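If you want the building blocks of each chain, they are given just below.
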Amino acid sequence: MGRCRLVSDIGIGCIAVGCKKLKLLSLKWCVRITDLGAGLLANKCTLLCALGPKSKSVSSRLDHLKLKKAIENPNGQTPKSQFSLPSPVSRLTPTMADKKKRRRAASSSSSESDPLHFKSKLKPDSSILQTLTALKSASASSSSSRPASLSSLNLPTAFREVSDLPLSSIQSTIESLALSLAHSILSGAGFSFSVPSRASANQLYVPELDRIVLKDKSSSRPFASVTSVRKTTITARILQLIHQLSLKNIHVTKRDLFYTDVKLFQDQSQSDSILDDVSCILGCTRSSLNVVASEKGVVVGRLIFSDNGDMIDCTKMGMGGKAIPPNIDRVADMQSDALFILLVEKDAAYMRLAEDRFYNRFPCIIVTAKGQPDVATRLFLRKMKNELKLPVLALVDSDPYGLKILSVYGCGSKNMSYDSANLTTPDIKWLGVRPSDLDKYKIPEQCRLPMTETDIKTGKDLLEEDFVKKNPGWVEELNLMVKSKQKAEIQALSSFGFQYLTEVYLPLKLQQKDWL
């Protein structure tokens, strides 16, 4: 082997194992052989008496080992020494038994780490339906024992709440207000509006009702002040337009209202904000003003209701579902055999549930506002809850904004706290996706998103809210989210399969009663 320059210790090891009677071997140019290969030759080839000119990489260790062997074993027999090196062949070619053991260990560990193994934990649908039936019964009994209004609590602080008023009442209220303003102007005092303050400091969370309410504090909006003259003018203009609507008994959208005087309003957000002020001034709900938002929310599932006299069956609306009417006063005669209402944040998750006919497997009504909840969807959800006595389970993203959307449905928004009695649906249960689900259901790292500084700040602000502090489970989940600095959307479950949401995740959640 004098010219075999590429031979390494592995090749020499094979020779040492297979040619134990080797007596002479030349390693002159075998530069890749080290003391390891030479040691193997010394251990296995006991008859080897010469290596010829040795390679430079081989030290005197070979001579030392052979001398030691000659002293310990003068008869030439090779005893098994505790210092003998393993055969390179045995190291590189494991036995079939070893391979089977490794495969068995790998398969058992991978089955535990495989997210799809959760499907094997599912019980028959009949068992899950029994759980949902018990939940519906508990929800029906608890809803009847909840106090109906603030007046029944006898709280020391005065609050302002609005109610649904007929158009005739709104018309007379506006006319009386206009008459008082005319008297004020004729007396030389000018005119101003007394507007209820909707600032954050004037709002309070009432744990007994589980919603945000508006305190009874007002501020003056004079026409003679430079800082408020424009808002006063817009307020007067909005009152004029509302009076026209009450006379004609017609409905318009907020966008229509804005385009009646674009130069004055300048931006729709300004006219929308003044519209809420007008609702507070008149003491009526915004829907009583005959001003509605464009259709946004949709519903599908086990629900039949009357829409302005037309009977609508939501099981026959296809994948797109039925658009929630903006005029909630035309919805009546709700009928359902559902066991619960599933409130979904995202349109994508709603489409998956609707296409898979999830409401047929587990009788339910599926509702979504496609993001931020609008007034019509909030009113519709509350109407279903009150008339059908069904529990509401929410499916939102695992981020601070998903929890904020859930809180708007349940506790109300600060912007419309004056109408929280009509817009909120208390006792909504947080079904998912929760921060603890990311590890529990082994959501892949590539499907998780890092939280931004704004996300973290929003999460910490939510931890300071009273409606969050009331629920220890929410606090625990939010703390985990802020600590891990990770968020995920509902669509992250699609990494295990597009139907994983409807076939594994939600059924297992319902089976385990895993909601907060």
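Fair warning: this is a prediction, and the values are worked out from it, not measured in the lab.

J.: Quick one: what's the story with the overall build of the chain, residue by residue and with numbers?
T.: Counting its secondary structure elements, the chain contains 21 helices and 18 strands. Sorting the 516 residues of the chain into buried and exposed places 45% on the buried side. Put simply, 77% of the contacts in the chain that link residues at least 6 apart link residues at least 24 apart. Here the chain has roughly 25600 Å² of accessible surface; of this, 55% comes from carbon and sulfur atoms.

J.: Go over empty space enclosed by the protein, please, and point to the residues and values.
T.: Considering all chains together, one arrives at two cavities of 30 Å³ or more under this definition. Considering only enclosed or pocket space, the largest cavity measures out at about 110 Å³ in volume. Together, 14 residues line the largest cavity, and V292, A293, P326, V375 and A376 are the ones closest to its centre. Of all the secondary-structure elements, those providing two or more residues to the lining of the largest cavity are β7 (291-292) and α14 (375-388). Top element by residues in the lining of the largest cavity is α14. It accounts for three residues. Residues that form the lining of the largest cavity fall into these classes: eight nonpolar, two polar and four charged. Approximately 30 Å³ is the volume found for the second largest cavity.

J.: Any chance you could break down the packing of helix α8 (residues 229-248) against helix α11 (residues 268-282) for me, citing the residues and the numbers?
T.: A pair of packed helices can be characterised by two numbers: the angle between their axes and the separation between those axes. Packing of α8 against α11 leaves a shortest axis separation of 9 Å and a crossing angle of 70 degrees. Between α8 and α11, the crossing angle belongs to the class labelled roughly perpendicular. Considering how the two elements wind past one another, α8 and α11 form a crossing that is right-handed. Contact residues: α8 offers R230, K231, I234, T235, I238, L239 and I242, while α11 offers Q270, S271, I274, L275, V278, I281 and L282. Its residues assigned to classes, the contact of α8 with α11 shows nine nonpolar, three polar and two charged.

J.: So, the sheet that holds strand β3 (residues 203-206): which residues are in play, and what are the values?
T.: With respect to topology, three strands assemble into an open sheet ordered β1-β4-β3, the strand pairing being antiparallel. Two strands bound the open sheet, and with one partner strand each, they are β1 (159-160) and β3. Where β3 lies against strand β4 (residues 211-215), four bridges are found, and the strand directions are antiparallel. Bridging from a neighbouring strand, Q203 pairs with L214 of β4.

J.: I'd like a description of α8, backed by residues and values.
T.: For α8, built from 20 residues, the straight-helix expectation of 28 Å at 1.5 Å per residue is met to within 8% by its first-to-last C-alpha distance of 29 Å. For α8, every residue scored as buried is listed here: T232, I234, T235, R237, I238, L239, L241, I242, H243, L245 and S246. Immediately downstream of α8, the backbone of N249 shows phi near 55 degrees, a positive value.

J.: Describe the pattern of salt bridges, naming the residues involved and giving the relevant values.
T.: Scanning the entire structure with this criterion turns up 29 salt bridges. Salt-bridge contacts for K316 lead to D313; the nearest nitrogen and oxygen are separated by 4.0 Å. In this structure D313 comes out as partly exposed when scored by relative accessible area, which is 22%. When salt bridges that share partners are traced, they join R434, D437, K440, E477, K509 and D514 into one network.

J.: Tell me about the packing of aromatic side chains, and name the residues and values.
T.: This model, assessed by the stated rule, comprises 10 aromatic pairs. Each ring, one from F191 and one from F223, has its centre 5.1 Å from the other, and the planes form 20 degrees; the classification is stacked. Of this pair, F191 sits in the loop between α7 (167-186) and β2 (192-196) while F223 sits in the loop between β5 (218-222) and α8, and the two are 32 residues apart along the sequence. Look at F258 and Y259: their rings are 5.1 Å apart centre to centre, the planes differ by 70 degrees, and that puts the pair in the edge-to-face class. Classification of F258 as buried rests on a relative accessible area of 6%.

J.: So, the confidence of the model for the chain: which residues are in play, and what are the values?
T.: For the chain, the mean per-residue pLDDT works out to 84, and 84% of the residues sit at or above 70. Taken as a whole, residues 64-68 scores under 50 in pLDDT and shows six contacts with residues more than four places along the chain or in a different chain. This stretch, residues 76-93, has a pLDDT under 50; its non-local contacts, to residues over four places away or in other chains, come to 18 contacts.

J.: If you had to explain the pairing of strand β16 (residues 428-432) to someone new, which residues and values would you point to?
T.: Buried residues dominate β16, accounting for five of its five residues. Looking at chain direction, strand β15 (residues 392-395) and β16 are connected through four bridges and run parallel. Across the sheet, residue L393 finds its bridge partner in β16, namely K429.

J.: An account of the packing of α7 against α8 is requested, with residue identities and associated values reported.
T.: At a closest axis distance of 9 Å, the pairing of α7 and α8 adopts a crossing angle of 145 degrees. The way α7 lies across α8 gives a crossing that is left-handed. Residues L167, I170, Q171, I174, E175 and L177 of α7 form the contact with α8, whose participating residues are L239, I242, H243, S246 and L247. For the contact of α7 with α8, the residue count by class is seven nonpolar, three polar and one charged.

J.: Lay out the UniProt feature "binding site: Mg(2+)" (unreviewed entry) in the chain in plain terms, naming residues and giving numbers.
T.: Mapped onto this numbering, the UniProt entry gives "binding site: Mg(2+)" (unreviewed entry) at E345 and D397. In three dimensions, the annotated residues from a span of 53 residues occupy one location, with a maximal C-alpha spread of 7.3 Å. Filtering the just-named annotated residues for those lining the second largest cavity gives E345. In this fold, E345 is placed in the loop between β13 (340-344) and α12 (347-355). Leave out the neighbours within four places in its chain, and E345 touches T368, K370, G371, L395, V396, D397, G402 and I405. Of the residues examined, D397 reaches a relative accessible area of 2% and is grouped as buried. In this structure, D397 is in contact with E345, K346, G402, V433, A488, E489 and I490, ignoring residues within four places of it in sequence.

J.: Can you explain the nonpolar core? Please cite residues and give values.
T.: In this structure, L303, I365, F380 and M384 are the most contacted members of the largest nonpolar core, which totals 51 residues. Broken down by element, this core gets its largest block of residues, seven residues, from α14. Discounting residues that sit within four places of it in the chain, L303 has contacts with I312, D313, C314, M334, Q335, S336, I365, F380, M384 and L388. Core analysis: the next-biggest nonpolar cluster, separate from the first, contains 39 residues, L132, L395, L431 and Y441 among them.

Criteria and thresholds
Residues numbered from 1 in each chain as written. Predicted model: local features only at pLDDT ≥ 70, side-chain atom pairs only at ≥ 80, totals over all residues. Heavy atoms only, no water. Helix = DSSP H or I, 4+ residues; strand = E, 2+ residues; numbered from the N terminus. Buried < 20%, exposed > 50% of the residue type's maximum accessible area, 1.4 Å probe, protein only. Contact = heavy atoms within 4.5 Å. Areas by Shrake-Rupley, 256 points an atom, 1.4 Å probe, with all protein chains shown as cover. 1 Å grid on protein atoms, 1.4 Å probe; cavity = no way out; pocket = protein on both sides within 12 Å on 5 of 7 lines; lining within 4 Å. Points joined across faces, edges and corners; volume = space filled by probe spheres on them. Nonpolar A, V, L, I, M, F, W, Y, C, P; charged D, E, K, R; others polar. Axes fitted to C-alpha atoms, helices over the stretch in contact; angles between N-to-C directions. Parallel < 35°, antiparallel > 145°, perpendicular 65-115°, else oblique. Left-handed = near helix turned anticlockwise from the far one by under 90°. Pairing = 2+ DSSP bridges. Expected span 1.5 Å × (residues − 1). Salt bridge = Lys/Arg side-chain N within 4 Å of Asp/Glu carboxyl O. Phe/Tyr/Trp six-rings, centres within 6.5 Å; stacked < 30°, edge-to-face > 60°. pLDDT = per-residue confidence, 0-100. UniProt positions renumbered as here; feature names shortened; annotations may be inferred. Core = buried A, V, L, I, M, F, W, Y, C linked by side-chain atoms within 4.5 Å.

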